Each structure stands twice: as structure tokens, then as C-alpha cells.
Protein chains: 2
Amino acid sequence: MSSSSRTFGIIVGSSGALGRAYAPVLSSLASSSSLIGLDINPSSDILGLTKVLPLSGTADDAVVIDPINTITDGGVINTIVHCAGSWAGGPFPPPGSPNSTFSSYLTSTNSMLTTNLHSAVFSAGLASRYLPPSGHLILTGASACLSVSSCSNFMPGYGLSKMGITNLANMLRNEFDFKVVVVHPGTIDTKANRDAMPGEDFEKWHDMGGMAEGVREIVERGEGGDYTVETEGGRTWLEKI
Amino acid sequence: MSSSSRTFGIIVGSSGALGRAYAPVLSSLASSSSLIGLDINPSSDILGLTKVLPLSGTADDAVVIDPINTITDGGVINTIVHCAGSWAGGPFPPPGSPNSTFSSYLTSTNSMLTTNLHSAVFSAGLASRYLPPSGHLILTGASACLSVSSCSNFMPGYGLSKMGITNLANMLRNEFDFKVVVVHPGTIDTKANRDAMPGEDFEKWHDMGGMAEGVREIVERGEGGDYTVETEGGRTWLEKI
């Protein structure tokens, strides 16, 4: 198969739990072995990745754009999945609260904007630069941040970053023909979440395989839009908002 | 007058054109000579400022929170104005565009999030920490960013930062009793704007004195909410959305 007829996928946040779950699904949507990972912690042990490039918040294209052009070499990038991100609390400092509360609020908000929103901004730039009109960009939102009231209380930084992703998606939809899918999960069943919340009922958390399969179906149907993640009786699926 | 009966104002972005216009109005709302400036470029030549502290995106309270506590010494901060910010373009990189377009997009988006949104996040933390229920936080939005369609085209980073400020305002309104005012101007008549756009009709741009007077009236009426800035026949006023 010549390069120009090959299709490629990109996973931004490829070494995370969700990135690893999306990898095989994304591989199956592109030609075989044509998956590029981007990550702040590049790891090459993920099945199906051709190459893992460093994800930088800065504009260092020599390490990202040039290699992507070389790898794809006239082929088409048809799917970009953004699943880089993390969670941190850090409420608005209440009246009379100690200095440490202000520190924690600023630190966590800056960290959420960098980890979640900047990586989505990076992915949006890749999408606008590379995706054809038939392409898909998948962004990761959060069900708790679909309304202001459910995220302002103890995680304003997380809320700002995830609501920023929704605004970013709407700006892209206004400008480009490719489809923008935003998946808004609740708690995902990952090792990190099990370790952090050992007393919870893991059965109610989202299965990553179900999320990845849901994304595959949306891409195969050629759809875009916002989706919540539903989990019941051990099954996880995406539901259009 | 004892410290505990004194009232104070804070201007975040005090050395900018808008900060200088807000200073006398804010001074008149607080006790005399009780205005604290915060700025990335601290300047002490602004009329009526008691003290100018460095504005940092990081959580260095030793240089901000401790001095604020010392200056206010039991008094009440009743008004906080956020007017730090700037404008930069940098569109989503179009299909096939050169690397430089991707660089410029990332650089300008990061800069807008840092300059506009982080400074607003900082101001929001000061507001939640210090303002009494009767207090006011004034944030600076942008009329162009009230809808996605008018800012996605050539300034997605500016749009993200200003829409983030609207989200931040709504989160604060959901949590606290103090009033949050967001002023959404178009082009403001500043020296920098005249230098950057010499061919424009300056008569149509907003007069900063009119904006500051508009904010004074809103604060005196004890209102909150979102306001556009209107300019006609040399007069500038705020209009509730």
C-alpha cells in the first residue's frame, strides 16, 4: 500500500489508561499500524502505535509537526482522539481561609488548564491542520461540567478546563466540516481511580472498552456532537445529548 | 479612622490603560487612599494606589496574600476590579498550512489563557477569599466572545479566554453572595489601540472614563450581571444584557 492511500490516527494522551483503551479501536479505523501517539510521557509500549511524539504545551513544531508530516507522507489522518487529562480539586478559597487554600486553588486551576485544556487546544490545532471534511476529532469533556452548578463547588479549575473544551468544540464546529465529538464521562474505571477511591462501587464506573467501542460506532456512522457515557449492569455505552 | 472601619479596593491589572481609568472611580467607592494594585508590571505612579503588588500566575501568597492582609489589617475589601488582559489573534491552522501557523496558534492561545484567564482566576480567588456578601467583583469579558461564531474565526485563543471568564463568573455566582459584574466591551479607545489601528474611527471606540463611571453606577446600585458597552455620539455607557 502506498503512503498516499494510507490512513492514520492520532491519540493525544496515548500512554494514559483511556489512551491505551482507544488505541486498538483507532487502529482498526485507520490502516494497520498507522497510529501516532502524543504524550507528555512518551511511552512506546502501547499496542499498535507507529510512533510516540512528545506533547508540548509550547509551539515546538520541530518535534511534532515535522515528524507527523514525515510519518504520514501524503497519507490522510482521519481520526484524532484527545484523551489527555487529569482531575484535581481546589475550591475557591472561602472567606477567611488560610493562605494554603489560595495556593491550592491557584495551583490546581493552573494544572487543570494546562493538563486538560492546553492538550485539547493542541489536538484542535492538529485537527484543523490535518483532518479532511470526513474526519473526526474526539475530545474528552466531563459530565459534571455540563452545568456550572455541579463543578463550581469543589473543582472550579476542572470545570473551567472542561467547559473550555466544550467551547473549543463549538468553535471548531463553526469553522470546519470535520466532525467534532465530545465524550462527557463520569468516573471511569481505571486503576488510578480504584486506588484513589477504594471504597466505591466500581460496577457503576464506566468501562473504557465500552467507551472506545462507542466512539468507534459514532465514527463509523459519521456523526458528531456531545455524548454522555452511561453504565448499567456492567455495560457501558455513549448516549447523544 | 481605624483600619477595621476602612474599606479597600483592589485593581488587578492596575498599570494598564483600563486599570488607570478605573483607579479614581474605585478610590471613590472605598475609603480614601485605600486602593491596592496587582500587576505583572508593578508601577507605583498611578493616582490613588496605596500599594502595587506583583501579579503572579503561581501560588506565591507570600508576595500577595500576606501583604494584602497586612495592608487591610481588619478592614474590608469591598470591590475588586479585574482588567488585566490583552488581545492576540492566531487562527486555527488551516489544512495544509505551514508549521508557522501552528506555532502562532499555540503561542497566541497559551498567551491569551495566561494573560486573560489566569489573571481572572486569580481575581476570582481574591474575591471569594475577601469580599463580603455586599461586595462586587468586576471582570472584563469581550462583546465578540458572547457568541462562538464571532470569535472562532481568527482569535480562538482570545475567545477561549474570554468565554472562560464568563464561565468563571457563573461559577462564582453559583457559590457566593457577592455580586459578579462582567463588562463585555468592543474596542476600547486606548493609546495602544490607536497606534495599532491608526485608520479606524476612534469616535466609535469606547471611552474608558464612561466605562469606569458605568461600573461605579452598577456598584452603587448593588447590581451584578453581564453588561455590554455602548458608545454613541461621543458618550459611552453600560447596558445590561
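One structure accompanies this document, and this report is about it. (Residues numbered from 1 in each chain as written. Chains lettered and ligands numbered in written order. Predicted model: local features only at pLDDT ≥ 70, side-chain atom pairs only at ≥ 80, totals over all residues. Heavy atoms only, no water.)

## Some thoughts on the pairing of strand β5 (residues 136-140) of chain B
Residues and elements named next belong to chain B.
Okay, step 1: By the criterion of burial, β5 is predominantly enclosed, with 5 of the 5 residues buried.
Okay, step 2: Of the two faces of β5, the one carrying His 136, Ile 138 and Thr 140 and the one carrying Leu 137 and Leu 139 are both buried.
Okay, step 3: In this structure, strand β4 (residues 76-82) lies alongside β5, joined through 3 bridges in parallel fashion. Across the sheet, residue Thr 79 finds its bridge partner in β5, namely His 136.
Okay, step 4: Pairing between β5 and strand β6 (residues 179-184): 5 bridges, direction parallel. Within β6, the position partnered with Leu 137 by the bridge is Val 180.
Okay, step 5: A crossover connection joins β5 to the parallel β6 through helix α4 (residues 156-175); in handedness this β-α-β unit is right-handed. (Buried < 20%, exposed > 50% of the residue type's maximum accessible area, 1.4 Å probe, protein only. Helix = DSSP H or I, 4+ residues; strand = E, 2+ residues; numbered from the N terminus. Pairing = 2+ DSSP bridges. Right-handed = clockwise from strand over helix to strand, strands pointing away.)

## Concerning the packing of helix α4 (residues 156-175) of chain A against α4 of chain B
Okay, step 1: Put simply, α4 of chain A and α4 of chain B touch, their axes get as near as 9 Å, and they point 135° apart. Classed by the angle they form, the pair α4 of chain A and α4 of chain B counts as oblique. Seen along the crossing, α4 of chain A lies across α4 of chain B with a hand that is right-handed. Contact residues: α4 of chain A offers Pro 156, Leu 160, Met 163, Gly 164, Asn 167, Leu 168 and Met 171 of chain A, while α4 of chain B offers Pro 156, Leu 160, Met 163, Gly 164, Asn 167, Leu 168 and Met 171 of chain B. (Axes fitted to C-alpha atoms, helices over the stretch in contact; angles between N-to-C directions. Parallel < 35°, antiparallel > 145°, perpendicular 65-115°, else oblique. Left-handed = near helix turned anticlockwise from the far one by under 90°. Contact = heavy atoms within 4.5 Å.)

## Things to note about the state of the cysteines
All names here are of chain A.
Okay, step 1: Scanning all chains against the criterion turns up 0 disulfides over all chains.
Okay, step 2: Cys 83 carries a free sulfur, and the closest cysteine sulfur to it, the one in Cys 145, is 17 Å from it.
Okay, step 3: Looking at Cys 151, it has no disulfide partner, and the nearest cysteine sulfur is the one in Cys 145, 4.1 Å off. (Disulfide = S-S within 2.5 Å.)

No statement about biological role is implied by the geometric values presented.
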